Amino acid sequence: MAQGAPSRVDPVRAARRKPRDRGTAAERSEERTDLLGERSVELSRYFGGKIETVPKVPVRSLEDFALWYTPGVAAVSRAIQADPESSFDLTGRWNTIAIVTDGSRVLGLGDIGPQAALPVMEGKALLFKVLGGVDAIPIPIQVESPEQFIATVEAMAPAFGGINLEDIASPKCFGILEELSKRLPIPVWHDDQLGTAAATVAGLLNALELTHRSVRTVRTVLLGAGAANLVTARLLLALGHPARQLTLVDQKGILHAEREDLDELELHNPWKYRIALTTNGGGRTGDLAAALEDVDVLLAASTPNPGTIRPEHVRSMAKDPIVFALANPVPEIWPEVARAAGAAVVATGRSDFPNQVNNSLIFPAVFRGVLDARARSIPDEVVLAAAKELARGALRKGLSDRHLLPTMEEPEVFPHIAAAVGDTAVRLGIARRKLSHDEFLERARTLMGRPARLVRALARARLTPPMPRRRPPRRGTR
Amino acid sequence: MSDRADGGGRSSGPGGTPAAPVHLRPARDADLPAIVSLLLRLKRLNEEFDPLLKVRDDAEQQARQVLKADLANPMSVVLAADGVGADRGKVVGFVRALVRERPFYAPEHEGVILDIYLLPLYRRHGVGEYVLRETSNALKAKGAGIVTAEFPAQNEIASRFYSKRGFRPITAVQARSL
């Protein structure tokens, strides 16, 4: 981005400069990550964080406070007391969500605690606003157990129209999401499970289309059995993928019903346990190589190491194999290596290769949709509706092995995802507000388009300071 | 025990996987290797519940000896659960129980279920119920007036299983390291 006021709003653009043509891909990637990190610390200090609250009402004089605050506001409180649902009309609740984390699995950094997770949550709040028009409040919480986490989020729910769980370790994230979804009257989402899985499924649907396959007959291996892949497995099964033809592989090898650690899984990770009992109908055992023989699709969401998937693995797969290597920042196999080994379609989690499977393609639009429908929950049908609409979005510019999914540069797709989400919520009877498809679409376009104008206006008015040159002088921001 | 019983009432498992019924029968010497491996799975599961249930390095050898002695003991009940259909002839679970005297209480003999284990695919859908019923019958046939079950105190799955079927805690065993 040029120095000075941003010409357009694109928080991922900074991370998208093409790597220079020298060194190995891994070295380039590492070098770039270091540079971005250094700059990010500088800028965080300079701007004093990334978000702030701004009034949405006119304040002409101090007398207006009598309307926005006491005594006038008491009547608004009474109205909500009489009709609690009216909190969605009379306050910002309709568009406000909490981003809650315990800091137990932040990015690739691991268990760094809630305080250190705050910059990530602030960043997510920024993405929510800029991409989805959603007011998101970062709330990292210090808790000692999943039960305490659940009770804390339940206690804060009256202020919010939705909850976004973020960066919580697997497998406790499954129980927390399940329990909160049951208890709360508002949608609860965990991006590491649902967002990544939805984007993966969208990419896969198009990859299958490209290679003339059907999800109902395909054979698939999921490498990695963490938050994302366990949900990807569940969504694929919901789409009619034969359970027998789905195989999960983790650090201990192929997951199967008689594996030695199954009893332990039943106690500590019942979600993985259930998948183990229903999948891998051929009873395959062994390592990744044994799993992949003659399989059509490999969806890897495991460890960032380009040697995890080897060319011979890809060669042993069925004709025209589909390979998604989604580990970040370094994929399990470099795309050019996978292609040279015969992969027909390759996707990664990175923006500097074609076919980025990116949850930012999903979560802003899903929240736009559920908030506009004032939905009570986000069932898998809604997640699948978002995935299918994202897949459809790629057709606008033409589906190809290098354009599997829309990119962040195709924002016209996102309101359609929001509308599909809204429609599905209405159809499932979980919407408090039943708009038509066109109304959802129009509303999403308006609300998702507004933040870009807002940010530009703030920059023009110099209310947002321009981007400083490198190494800015320290300056107080409070 | 009936000659040809099965888990009964099993239609299908989660996700549409055909649920596999089992067939219980008295264990034989030839079943020992399979039962040893299942017994070790169970003991390793128990280890998850409490560090005082840490499995010994020589547990496999011990398991072989203990099971061999059980097979020779007229007061022991060792049942093997065979798979049926495609899994016919494969031991997919077992029960190990013992009738012992109660010198101070009536009834005079209790049948103690010491170990009960089924591979994950062969659980639920009435299989446990069936295994418990068959085991109780075998213990009763050897003179037991009550049936008891031993399992780690923290094993809530086992605890729920038995209490749903009319069991209640009658003695407690507590432990600490020395």
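In the block above lies the structure referred to throughout.
Residues numbered from 1 in each chain as written. Chains lettered and ligands numbered in written order. Predicted model: local features only at pLDDT ≥ 70, side-chain atom pairs only at ≥ 80, totals over all residues. Heavy atoms only, no water.

> I tried to follow the interface of chain A and chain B on my own but got confused; where do I start?
Taken together, the contact pairs 13 residues of chain A with 16 residues of chain B. In terms of surface lost to chain B, no three residues of chain A exceed A:Glu258, A:Asp263 and A:Leu267, which account for 42% of the buried area on that side. Between A:Glu260 and B:Arg41 there is a salt bridge whose closest N-O contact spans 4.0 Å. Between the two partners, chain A and chain B, sit nine residue pairs in polar contact (both at pLDDT 80 or more). The set of elements that each furnish at least two residues to the side of chain A that touches chain B consists of α10 (262-268) and α11 (270-278) of chain A. (Contact = heavy atoms within 4.5 Å. Buried area = accessible area lost by both parts, 1.4 Å probe. Salt bridge = Lys/Arg side-chain N within 4 Å of Asp/Glu carboxyl O. Polar contact = N/O pair within 3.5 Å; in protein donor to acceptor, adjacent residues only side chain to side chain. Helix = DSSP H or I, 4+ residues; strand = E, 2+ residues; numbered from the N terminus.)

> Whenever I open this one, the packing of helix α8 (residues 191-210) of chain A against helix α16 (residues 380-393) of chain A confuses me. Can you help?
The description of two helices packed together rests on the angle between their axes and the distance between the axes. Residues and elements named next belong to chain A. Relative to each other, α8 and α16 sit at 45°, their axes nearing to 8 Å. Classified by the angle between their axes, α8 and α16 sit oblique to one another. The way α8 lies across α16 gives a crossing that is right-handed. Packed against α8, whose contacting residues are Leu194, Ala198, Ala199, Val201, Ala202, Leu205 and Asn206, the element α16 presents Asp380, Val383, Leu384, Ala387, Lys388, Leu390 and Ala391 at the interface. For the contact of α8 with α16, the class distribution of residues is eleven nonpolar, one polar and two charged. (Axes fitted to C-alpha atoms, helices over the stretch in contact; angles between N-to-C directions. Parallel < 35°, antiparallel > 145°, perpendicular 65-115°, else oblique. Left-handed = near helix turned anticlockwise from the far one by under 90°. Nonpolar A, V, L, I, M, F, W, Y, C, P; charged D, E, K, R; others polar.)

> Teacher, can you tell me more about the side chain of B:Arg96 here?
Residue and element names in this part refer to chain B. Mapped onto the elements, arginine 96 comes out in strand β3 (residues 91-101). A polar contact is formed between the side chain of arginine 96 and the side chain of aspartate 70, at a distance of 2.5 Å. Only 2.6 Å separates the side chain of arginine 96 from the side chain of aspartate 115, close enough to count as a polar contact. In this view, arginine 96 contacts Val66, Leu67, Asp70, Val77, Val78, Val112, Ile113, Leu114 and Asp115; residues no more than four positions away in its chain are not counted.

> How should I be thinking about a nonpolar patch on the surface in this particular structure?
Residue and element names in this part refer to chain A. On the surface, Val57, Val59, Leu62, Phe65, Leu67, Trp68 and Tyr69 cluster together into a nonpolar patch covering about 730 Å² of accessible area. Its location among the elements puts leucine 62 in the loop between α1 (25-47) and α2 (65-68). For leucine 62, a relative accessible area of 66% corresponds to the exposed category. (Patch = residues over 30% accessible without salt bridge, like charges linked within 9 Å, V, L, I, M, F, W, Y side chains within 5 Å. Areas by Shrake-Rupley, 256 points an atom, 1.4 Å probe, with all protein chains shown as cover. Buried < 20%, exposed > 50% of the residue type's maximum accessible area, 1.4 Å probe, protein only.)

> For this particular structure, what's the right way to read the sheet that holds strand β5 (residues 220-223) of chain A?
Sheet strands line up and pair through hydrogen bonds in the backbone, either parallel or antiparallel. All names here are of chain A. Strand order across the open sheet formed by six strands is β7-β6-β5-β8-β9-β10, with mixed pairing between neighbours. Of all strands in the sheet, those bounded by a partner on one side alone are β7 (253-254) and β10 (345-348). Contacts from α8 reach β8 (297-300), β9 (322-325) and β10 within the one sheet, and its direction differs from that of β9 by about 160°. (Pairing = 2+ DSSP bridges.)

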